[in-house]
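Secondary and tertiary structure notes
Chain residues, written in single-letter form:
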Amino acid sequence: MTTFLLRRVGGMVLTALCLTFVVFFLTNLDPNLEKLAKSEGSVRMSDADVESWLDKNGFSQPLLVRYGQWLGVVPYKHPAPDSDATVTCRAAEPGEEPPTFCGVLEGYWGYSTVFKDRVGGIIGGKIAATGVLMFWVMVVMVPMALLIGVLAGMREGSRTDRSLSTFSIATTATPEYVSGVLFIVIFASSVGGLRWFKGTATSAIDSGVTFENFTLPVLTMALYGMGYIARMTRASMAEVMTAQYIRTARLKGVRFRDVVLKHALRNALIAPFTVIMLQFPWLLTGVVIVETLFNYKGFGWLLVQAAGNNDIDLLLGCSVVAVFVVLVTQLISDIGYVYLNPRIRVR
Amino acid sequence: MSESYDGPILEIENLHISFFTQGGEIPAVMDFSCTVMPGEAMGLVGESGCGKSTVALGVMQDLGKNGRIVGGAIKFKGRDLASYSEEELRQIRGSEIAMIYQEPMASLNPAMKIGRQLMEVPMIHRGMGKQEAYERALEMVTAVKLPDPARILNSYPHQLSGGQQQRIVIAMALMAKPSLLILDEPTTALDVTVEAAIVDLVKELGETYGASMLFISHNLGLVLEVCDRLCVMYSGEAVETGSIRQVFDKMRHPYTQGLFRSIPLPGADKRARPLVSIPGNFPLPNERPPGCNFGPRCAYFETGRCDAKDVPMAEVPGDDRHGTRCFRWNEIDWAAPPAAQESVAAAEPGDVVLKVDDLQKYYEVSRSAFRGGTTRVVKANETLSFEAREAETLAIVGESGCGKSTLAKVLMGLETATGGEVKLANFDISEVEIEKRDTETVAAIQMVFQNPFDTLNPSHTIGAQIMRVLEKFKVGKTQAEREERMLQLLDLVKLPRAFAKRMPRQLSGGQKQRIGIARAFAGDAKVVVADEPVSALDVSVQAAVTQLLMEIQRERRTTMLFISHDLSIVRYLSDRVMVMYLGHVVEIGSTEQVFAPPYHPYTEALLSAVPIADTKVKKRHIVLEGDIPSAMNPPPGCPFQTRCPRKASVPGGLCEREVPPMVTLAEGHRIKCHLPAEVLEAMEPVIQIEATAAE
Amino acid sequence: MEPLGWGAIIGRMFVQFIPVWIALALVFLVSIRFKKRLGLYGKLMNSPVGMIGLALVLFWVFTALFADWVATFAPLDQVAQLKNKAPGLPHPEIEGAYYLLGGDNLGRDVFSRMVYGSQSVLSIAPLATLFAFMVGVTLGLPAGYLGGRMDAGLSFLANLVLAFPVILLFYLLVTPEMRETGIPQVMAGVLFLFPIIFFWVFFYSRYETRPELMWPLLAGTVVFGGWAYSGLAFNADPTGVFAMDANLLNVFVSVVFVNSPGVFRIVRGLAMDIKTRDYVAAAQTRGEGPFYIMLWEILPNARGPLIVDFCLRIGYTTILLGTLGFFGLGVSPESPDWGSTINEGRKLLSIYPHPALPPALALMSLVLGLNFLADGLREQSLKD
């Protein structure tokens, strides 16, 4: 088991390095830097001014060196060209003695040009907000999806199956920006007539989560993911129900309820479990859409702000978090698969 | 449910079962009747698709949502099963009627421990507590002769071998002491020697627990060993029923006769008893002919009578419950010998074509995806030496894991040998993989594959597939020439030329296998490796394909390596036999030498394990213990020592220490065994034919 | 003039769609008439779900084709008086013309924009999916069939892309800065090469034994492929038939890039499954090369699951394109595509919901149609 874990973690680290490098590369393209120089300096800078600004701030070093500095494995401190000053860690507190290594690994995530604050702190707060949203989404989505999938797959081809399957197909065909719009029109506008919920979730951050301000965003997000998981569960369940060992159990005289609960369920849940865990890179898209649509200032909203305003450090920070979450869920998915499936249980 | 019931356990009266699909009603079982008395074992025999499994599921009242009983009745202990409520049915399933299935691995829940799966039965039906149920499970696992029952109960199905799994399924069926046991091809997925042990166990337990049995099989030999009575089915109908003796020795239906004539018996000489195949194909359920279903394939068919109306079951007077579904049964001369078929003269073997010397093939495998790192060596082939001559058939016999498929792969160049050499016409090909072989070599050694449903690409027409082979082998110069050649090949395998335009799914299994044969002979192959070419086919088709293969091979003086686990067919068609076990050749010799004593102990056991559908044959009873060891972890010394019943005759534990040398017993007859000469001398034949007055 | 009631609005829309109805009726009449001869597509006519899906998809395909007839106004025509006005209002100047589904915040006709929006979706989504399939198949087959180091490397790359949150990738890839650097051109240069490689190997492996057929096919592949390639990837087609503007190329390339690892994974899995079949072994034993086996023995037998996935993936791509439009990435502000129309409409959603709803429902029905179609195909392909 330990070798397996070590190998997986090793692969994870390698993946993380590759992904962050790609993000670093894409956020530090020359035009981006030029834009940064102009927004930090002045809009009317000449090309030569831009060049010298970049030099002064250490942006003219080779890409790999800068990546190493950002990561925190290459010393950040170095003399600025053409002057006596040194380029130091921009993320350090004003009074603090700048450390030699000043990268993500040491906890220095950089400085946001939009929020004029340290990236680490900003992301932390927003993640907490998004965590609350995700929690409720999971609470609604996973049990519903599994229930629908199991009920539909239990008796393949039945009327229940047909209607539940159609419902799950319909939800997968409705992206968040469609269902969100529909929900707001129906449940939160004067036109729909039903003013049951609020069309925005902004108040949830300040005055706490309520049924009124959170129902629509949670439902919007849960609905899209639910259909997919439900279809997976249904397919898996339907396959298991035609397996010979289910017939064995039935012809042993096991009650139908027990056939489903004791014999089929565990085998049927192996596939959906992996799917749920691998949904995370995908759920992030939903987070961004829903937070934009419902004006909920969480991680997704932050990502939009960072990307829209060329806030390089913040965007990098967001990417690290996103990549980390994705990789951890993949690891959990692998371990869970081994746990659920005794056939590949590591002895 | 009265415990003191003593009438018939199961009575099936004029049962009709149909499946309802988009295309309408498809009858699967028609007018089927049979009776099973207490303690009696009833065999249901027939080819695939004849409806025998449907009868079993009908008894279980588990026909799925498309299947329905449309007529007749199934009475269990005198009460019609149709009158049972869903809840009552559930109560008798598993407790009164239990079932044993074909694929043991698939019929056990992979995510549940064996113990829980066994304990469930008495806990549901007898209301037992956990502890009591556990004890019962322990008792049953001991009864099916599994070692270390407590450990077995605590393991998952995948941790057991196929034979062990089937024992567990049997234990599970007997947990609640049922009065009727349904066995649906319980040994088809197992190796012959394991099968023999399971059959033994079933017979023994059936007697101990007094359960009646409904034994479904396509293998007449097995039915003979297990059952008291049998019922032969064809295309949804019972065509003949009676006691084993009556049906085997005094058959009164043309299909039963055809069936017996188309299976080779190791007890009989091939010249004295040539194989006679049943012409034609099994009718599809929706294309059954009017009148007698067997009519179009029957030698005694009479137009205007046999195809006029449905044939009822006729009682054969004087016999005990012996019935046949034939209008003409008392007009046919049943003692007449089969019409003489054009016999293929045995070809005189020529020069050595293929010479294999000390061939070794090792694989390196990583032990598990999760442990990584450590690799192990699997010795799939160990010091194989043999030669094959022109126009000769060399049979390679062995069970799973014996290395016969690896040998085929090395010969074909799909794998390269680890050591030793393979000489094809004096040219070493052991280390030349297929892509590096020249066209001539590739065309010279070709293969016929086992699974007819897999051997042709479902996406291309038959003609296109054969044409591609011809293109590849550079046969013919123009497209038109190749097309002509392709049509000739269809003629060669006795298929109509119109088949060139068909897709593989429009062909039956036997026809597909013929295309496979045509493909192998397309480039004038010198050596053809036939890997169990008929084992997946129905009995009545097997004979015809075997015959065809032999004919073409003799005619073209091709060398054939016939890989098989079926000793009967091997005896029938091969000139020489090579027996393999765990990567070693344990015995090699001419067919006569191998099938007569002295034997290698493994050959001896193998011969004893083969079920023979002949009441006149007497076999010595040798049952091997345990399962075939994994090639990943072979035993030290002689590969067969873990199961060898004669190990005691070798002094000093030699078998456990050293791999025996090849001993030459007679000209061309060699075995790999430590047994001293006097033990070998004293061996008696395994199979003996009772001299009867009839012969 | 009086504004129209809902009955009249629906009636008039029905009339506008008449070319689409005629085309739909024709297709279904012909398909049902000849369903026995049409293989898998014909079998689709036995599945109600599949037929509904096909009808929805074809509805939008024909709408896109006949957009000039179906739409009542040009997508960019503005009428100041009709800004944010409710459905059914008459055009102030043209007699007898109405804004059937109202006007948006710039006074453009919502109905016509929805109709024209179908064009932009249907011209990109299927084509981008097709390219993604070319890439996925060309790399997935050797990875699955040959295995080894190449498989390990390619799988690692595929997992890398799959682990990337899609939205983040889009925010990084589809930007004006990105277009300045010319990276999209490079990506297009690589990705668009795959179809040419694919068809080259496809014909070469099959007709190697028959040179008289092989050379013309290969020449055709190179000439036609090279022509399209120069136009699409580098905008260097002298005839101007194949051309893509920088914005579109950026979006197109990103969508292909995001989709191909998914296709790769599926193809690789199918190849690994099918390569164990006896007919593959039979091909090997007659000395076929690996590429013939991959493309002519394995690929045809993987077509069922691939067709199903193709339909699903077009739907997924449609959703992706909508997402891009929703965030205003890589599309011009006036573009009538559904994603950006929804985005514009959502800002005033609780007061004027009518501009956002039609494109939202249109997008949903198209994706729903594709999903139903895929479901019907899957069901029918399993019945054989």
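Everything that follows concerns the structure shown earlier in this document.
The paragraphs below set out a description of the structure included in this document. (Residues numbered from 1 in each chain as written. Chains lettered and ligands numbered in written order. Predicted model: local features only at pLDDT ≥ 70, side-chain atom pairs only at ≥ 80, totals over all residues. Heavy atoms only, no water.)

Here the focus is the overall build of chain C. Of regular secondary structure, chain C possesses 18 helices and two strands. Radius of gyration (C-alpha) of chain C: 23 Å, near the 21 Å computed for a compact globule of 384 residues. Its C-alpha atoms give chain C principal-axis dimensions of roughly 80 × 55 × 40 Å. Within chain C, contacts between residues separated by at least 24 positions form 72% of all contacts whose residues are at least 6 apart in sequence. (Helix = DSSP H or I, 4+ residues; strand = E, 2+ residues; numbered from the N terminus. Rg over C-alpha atoms; globule rule 2.2 N^0.38 Å. Contact = heavy atoms within 4.5 Å.)

Take the overall build of chain A next. Across its full length, chain A holds 14 helices and four strands. Residues counted as buried form 54% of the 347 residues belonging to chain A. Taking as baseline every contact in chain A between residues at least 6 positions apart, the subset at least 24 positions apart corresponds to 67%. (Buried < 20%, exposed > 50% of the residue type's maximum accessible area, 1.4 Å probe, protein only.)

Contacts between chain A and chain C engage 50 residues on the former and 44 residues on the latter. Between chain A and chain C, roughly 4,000 Å² of surface is buried when both sides are summed, and carbon and sulfur atoms account for 79% of that area. Joining chain A to chain C, the criterion identifies three salt bridges. The partner of A:R162 in a salt bridge is C:E379, with the nearest N and O atoms 4.0 Å apart. (Buried area = accessible area lost by both parts, 1.4 Å probe. Salt bridge = Lys/Arg side-chain N within 4 Å of Asp/Glu carboxyl O.)

A separate point is the packing of aromatic side chains. In this description, an aromatic ring pair is defined by two values, namely the gap between the centres and the angle between the planes. Residues and elements named next belong to chain A. Per the stated rule, a full pass over the model turns up 40 aromatic pairs over all chains. Between the aromatic rings of F21 and Y67, the centroid separation amounts to 5.1 Å while the plane-to-plane angle is 85°, which identifies the pairing as edge-to-face. Here Y67 lies in helix α4 (residues 63-71) and F21 lies in helix α1 (residues 2-27), a separation of 46 residues in the sequence. For F21, a relative accessible area of 26% puts it in the partly exposed group. The ring centre of F256 lies 4.2 Å from the NZ or CZ of R155, which sits over that ring. (Phe/Tyr/Trp six-rings, centres within 6.5 Å; stacked < 30°, edge-to-face > 60°. Lys NZ or Arg CZ within 6 Å of the ring centre and 35° of its normal.)

Our focus in this paragraph is the interface of chain B and chain A. Of the residues lining the interface, 32 residues belong to chain B; the matching set on chain A comes to 24 residues. In total, about 2,700 Å² of surface goes out of reach between chain B and chain A, with carbon and sulfur atoms giving 56% of it. The interface formed by chain B and chain A includes three salt bridges. A salt bridge links A:K252 to B:E120; its shortest N-O distance comes to 3.0 Å. Counting across the chain B and chain A interface gives 12 residue pairs in polar contact (both at pLDDT 80 or more). (Polar contact = N/O pair within 3.5 Å; in protein donor to acceptor, adjacent residues only side chain to side chain.)

On to the pattern of salt bridges, then. Going through the model one piece at a time under the given rule, you end up with 54 salt bridges over all chains. Between B:R620 and B:E604 there is a salt bridge, with the nearest N and O atoms lying 2.9 Å from each other. One end of the pair, B:R620, is in the loop between β23 (617-619) and α20 (654-657); the other, B:E604, is in helix α19 (residues 601-609), with 16 residues separating them in the sequence. One network of salt bridges, with partners in common, ties together B:R468, B:E471, B:K472, C:R206, C:R210, C:R286, C:E288 and C:E297.

Residues and elements named next belong to chain B. Spatially, β2-β1-β4-β5 is the arrangement adopted by the four strands of the open sheet, whose pairing is antiparallel. Two strands in the sheet have a free side with no partner beyond their single neighbour: β2 (24-36) and β5 (79-80). For strand β4 (residues 67-76) and β5, the ladder comprises two bridges, and the chain directions are antiparallel. Opposite F76, over in β5, you have R79 as the bridge partner. Lying on the sheet, helix α1 (residues 52-59) is in contact with β1 (10-21), β2 and β4; it crosses β1 at an angle near 105°. (Pairing = 2+ DSSP bridges. Axes fitted to C-alpha atoms, helices over the stretch in contact; angles between N-to-C directions.)

As a rule of thumb, soluble globular proteins bury nonpolar side chains together. Membership of the largest hydrophobic core comes to 184 residues, with the highest contact counts inside it found for B:F32, B:L118 and B:I182. Excluding anything up to four places from it in sequence, B:F32 contacts B:I12, B:E13, B:N14, B:L15, B:L44, B:V55, B:C231, B:M233 and B:A238. Counting 178 residues, the second largest nonpolar core, distinct from the first, contains A:I148, A:M221, A:F280 and C:A374. (Core = buried A, V, L, I, M, F, W, Y, C linked by side-chain atoms within 4.5 Å.)

Before going further, it helps to spend a moment on the environment of A:L164. Residues and elements named next belong to chain A. Following the sequence through the fold, L164 ends up in helix α6 (residues 159-172). Separated by 70 residues in the primary sequence, L164 and R234 place their C-alpha atoms 9.6 Å from one another. Setting aside chain neighbours within four positions, we find L164 in contact with I148, L151 and A152.

Residues and elements named next belong to chain A. Among the structural elements, D161 can be located in helix α6. With 49 residues separating them along the chain, D161 and T210 place their C-alpha atoms 34 Å apart. Each residue touching D161, except ones within four places of it in the same chain, is listed here: A152, R155, E156 and R234. Polar side-chain contacts of D161 include one of 2.6 Å to the side chain of R234.

Residue and element names in this part refer to chain B. The strand order across the open sheet built from eight strands is β6-β7-β8-β3-β9-β10-β12-β11, with neighbouring strands paired in mixed fashion. For this open sheet the edge positions go to β6 (97-100) and β11 (314-315), each flanked by a neighbour on one side alone. Examined bridge by bridge, strand β10 (residues 237-243) and strand β12 (residues 323-324) share two bridges and lie antiparallel to one another. Paired with E240 across the strands is T324, a residue of β12. Sheet strands in contact with helix α10 (residues 254-262) are β9 (229-234) and β10, and its direction is about 95° off that of β9.

The next thing to look at is helix α3 (residues 114-125) of chain B. The element α3(B) is extensively covered by neighbouring structure, given that nine of its 12 residues are classed as buried. The inward-facing, buried residues of α3(B) contact α11 (256-278) of chain A together with α2 (86-92), α4 (130-143), α5 (149-153) and α6 (162-174) of chain B. Downstream of α3(B) by one or two residues, B:G127 has phi in the positive range, about 60°.

Here the focus is the packing of helix α13 (residues 462-472) of chain B against helix α14 (residues 479-492) of chain B. Residues and elements named next belong to chain B. Interaxial distance between α13 and α14 falls to 9 Å at its minimum, and their mutual angle equals 120°. Seen from above, α13 lies across α14 with right-handed handedness. Where α13 approaches α14, its residues G463, I466, M467, L470 and E471 are matched on the opposing element by Q479, R482, E483, R485, M486, L489 and L490. Of the residues in the contact of α13 with α14, the class split is six nonpolar, two polar and four charged. (Left-handed = near helix turned anticlockwise from the far one by under 90°. Nonpolar A, V, L, I, M, F, W, Y, C, P; charged D, E, K, R; others polar.)

Here we come to a nonpolar patch on the surface. Residue and element names in this part refer to chain C. Side chains of F14, V15, I18, W21, I22 and L26 sit close together on the surface and give an oily, nonpolar patch of about 560 Å² of accessible area. Among the secondary structure elements, those contributing two or more residues to the nonpolar patch are α1 (6-16) and α2 (18-33). Ranked by the residues each element gives to the nonpolar patch, the list is headed by α2, at four residues. Here L26 lies in helix α2. Overall, L26 belongs to the exposed group, its relative accessible area being 52%. (Patch = residues over 30% accessible without salt bridge, like charges linked within 9 Å, V, L, I, M, F, W, Y side chains within 5 Å. Areas by Shrake-Rupley, 256 points an atom, 1.4 Å probe, with all protein chains shown as cover.)

Keep in mind that these numbers describe shape and distance, not what the molecule does.
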